[in-house]
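Notes for the structure review
Chain residues, written in single-letter form:
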Amino acid sequence: MLSLLVFASALIQVPPPPVERATLVCAVTAAGTPAVDAEIVVAGRSHRTDHRGDALIEVAPGVVLVTVSKPGFAPETLTVRAEPGQALTLAVDLQPLPTVTESVTVSATRTGRGLDDQAMRVEVLDFDEIDEKLMMTPGDVVMMLNEMGGMRVQATSPSLGAASVRIQGMKGRYTRFLSDGLPLFGERVSLGLMQIPPMDLGRVEVIKGATSSLYGAGAIGGVVNLVSRRPGPTTERQVLVNRSTRGATDVAAWYSAPISDRWGLTWLGSVNGQRRNDIDRDGWADVPRYERVVVRPRLYWDNRAGRSLFATAGGTWEDRIGGTMPGTVLQAIGPYVEALRTRRGDVGATFQTVSGGGVMWTARGSWVTQHQTHELGETTERDERDTAFLEITARRAVARHTVVAGVAFQRDRFRPTDLPQFAYLYAVPGVFVQDDVDIARWLVVSASLRVDRHNRFGAFASPQMSGIVRRGLWSSRISFGTGFSAPTPITEETDAAGLSRLTVESPLQAERGRSLSIDLTRRHGPLSANLNDSKSGRPP
């Protein structure tokens, strides 16, 4: 019996006395202010600070590793020794992450504001993304535009490879294309998209929706502004040679150099060619043949005291041919050749100066002339088109307002040599005013109005309202605008079929358009997520 009691007592283990735990009192600040909802990791467990930036954490005695973090701030890691029953106070001040802020000033809206301060939504394709697309398609800007949200490039003449850009579903003829704020590609761009080399681009600015309040007739769908690269403090040279398996050859060169401390220049030269290809071997060219040469010098002057000058001139020479392959006869129509010969030249300039009272005056103008010969089988259509543009604006910041006012004049003349019934001459003077108001740090509102007087279709008023609301990492924009476009025989359909098949129903009327856009954006460090809903169309 005694042995059983001894054995039972050996089996019974007396638990050790409980170890008294320690307490960490963490007071976290971020750049000197209480860090709300900062994360504190101790022994693999996560804890959060309260509205005062404080947190009470029980830990086992001994060496304790504490890591404190908060988005936008550099994390801090501390090692402390905690004694049983001790209340240990830790004060941690998080410092902002070192960042390099790149300020992008949008030129398409004329107000001189940064991208994040625009009440109107403007999407920007930066140089890094352009450079990436340049390696894929060095001959034109089609791919980079097609990959931007809400934009689609649609073929308009498959035989010749022509294409247009649809913004939010609107046809390409409703999109206004600019180069450094100047309409150097004419009033409407279709095949011209295939003739713009991207090598000299610094960024692309896109305004979606009706923007006739900014740029007058033809901007119902939106505006695309191609901004060129400016000369740097040192000489730069870039040469690109490309050859594809489909027979495309691209050779492009860009040169930039400072002439003096005030003058600088850039030069772009591009030679592109494509062999005609019948991919499915049906006797019809799926890829047209073309030979193209583009030359564009640019000159810059800045006196570092508020005055600057930009001037450019350019030339494009291109021959395209599609249709049946050489030596091939189609059973229905026999041999059929479609060809287009394009010769285009342009000049443009922008001058800026600051007068007394802080008024920024800007004068810009351009002239574009284009000659084309379009062959569709046995039919030949020759035409000449020239466009002129002149604009003078004044911008001044008054208290919370940034006011822009100006006058503009646009002229578009089309003369088809073989089909004179489609000739026209449009002259459109206009006046406009725009006011961006910083109502509060979290609210900016923009209102603009433009009145144009068309020589054929009368007067048009184009109002626009935009606003941006910001709170923390969230921002939301809403924009409503209207626009108009004068009718012309140059459309996506006539690009493919020619003017000789066109029938005009009289009387002609100008088209009106309106658009509404709402978006919500959330930023997290260098990343951002955007939700956008828009509606564009012509009123009934």
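Notes on the structure follow. Remember, predicted model here, so these are calculated numbers, not experimental data.

1. Regarding the packing of aromatic side chains
- Under the definition given, this model contains 7 aromatic pairs.
- Measuring from ring centre to ring centre gives 6.0 Å for Trp-284 and Tyr-336, while their planes differ by 20 degrees; the resulting arrangement is stacked. Of the two residues, Trp-284 is situated in the loop between strand 18 (263-274) and strand 19 (289-302) and Tyr-336 in the loop between strand 20 (308-323) and strand 21 (337-355); the sequence distance between them amounts to 52 residues.
- Arranged with centres 4.2 Å apart and planes meeting at 5 degrees, the rings of Phe-460 and Phe-484 form a pair that is stacked. Of the two residues, Phe-460 sits in strand 27 (residues 458-471) while Phe-484 sits in strand 28 (residues 474-485), which places them 24 residues apart along the sequence.
- Chaining the aromatic ring pairs together yields one cluster made of Phe-414, Tyr-424, Tyr-426 and Phe-457.
- Lying across the ring of Trp-254, Arg-229 places its NZ or CZ 3.7 Å from the centre.

2. As for the side chain of Arg-450
- Tracing the chain through its elements places Arg-450 in strand 26 (residues 443-454).
- Residue classification places Arg-450 among the buried positions, given a relative accessible area of 1%.
- Looking at Arg-450, its side chain comes within polar contact range of the main-chain oxygen of Leu-214, at 3.2 Å.

3. What to know about the pairing of strand 11 (residues 151-157)
- Two strands pair when backbone bridges link them, and strand 11 and strand 12 (residues 162-167) are joined in this way by 6 bridges, in the antiparallel orientation. Note on strand 12: the bridge partner recorded for Ala-155 is Ala-163.
- From the end of strand 11 to the start of strand 12, which pair antiparallel, there are 4 residues, and Gly-161 there has a positive phi angle of about 80 degrees.

4. A look at a nonpolar patch on the surface
- Among the surface-exposed residues, Trp-361, Ile-392, Val-407, Val-431, Val-433, Leu-449 and Val-451 lie close enough to one another that they form a single nonpolar patch of about 550 Å² accessible area.
- Broken down by secondary-structure element, the contributors of at least two residues to the nonpolar patch are strand 25 (424-440) and strand 26.
- Position of Trp-361 among the secondary structure elements: in strand 22 (residues 359-376).
- In this structure Trp-361 comes out as partly exposed when scored by relative accessible area, which is 39%.

5. Quick look at unusual backbone geometry
- Positive phi, close to 65 degrees, is recorded for Arg-304, a residue that is not glycine.
- Considering the arrangement of structural elements, one finds Arg-304 in the loop between strand 19 and strand 20.
- In the Ramachandran plot, Ala-399 falls in the positive-phi region, its phi being about 55 degrees despite a non-glycine side chain.
- Inspection of the secondary structure puts Ala-399 in the loop between strand 23 (379-398) and strand 24 (401-416).
- Here Ala-399 falls in the exposed class, since its relative accessible area comes to 82%.

Thresholds applied
- Residues numbered from 1 in each chain as written.
- Predicted model: local features only at pLDDT ≥ 70, side-chain atom pairs only at ≥ 80, totals over all residues.
- Heavy atoms only, no water.
- Phe/Tyr/Trp six-rings, centres within 6.5 Å; stacked < 30°, edge-to-face > 60°.
- Helix = DSSP H or I, 4+ residues; strand = E, 2+ residues; numbered from the N terminus.
- Lys NZ or Arg CZ within 6 Å of the ring centre and 35° of its normal.
- Buried < 20%, exposed > 50% of the residue type's maximum accessible area, 1.4 Å probe, protein only.
- Polar contact = N/O pair within 3.5 Å; in protein donor to acceptor, adjacent residues only side chain to side chain.
- Pairing = 2+ DSSP bridges.
- Patch = residues over 30% accessible without salt bridge, like charges linked within 9 Å, V, L, I, M, F, W, Y side chains within 5 Å.
- Areas by Shrake-Rupley, 256 points an atom, 1.4 Å probe, with all protein chains shown as cover.
- Salt bridge = Lys/Arg side-chain N within 4 Å of Asp/Glu carboxyl O.

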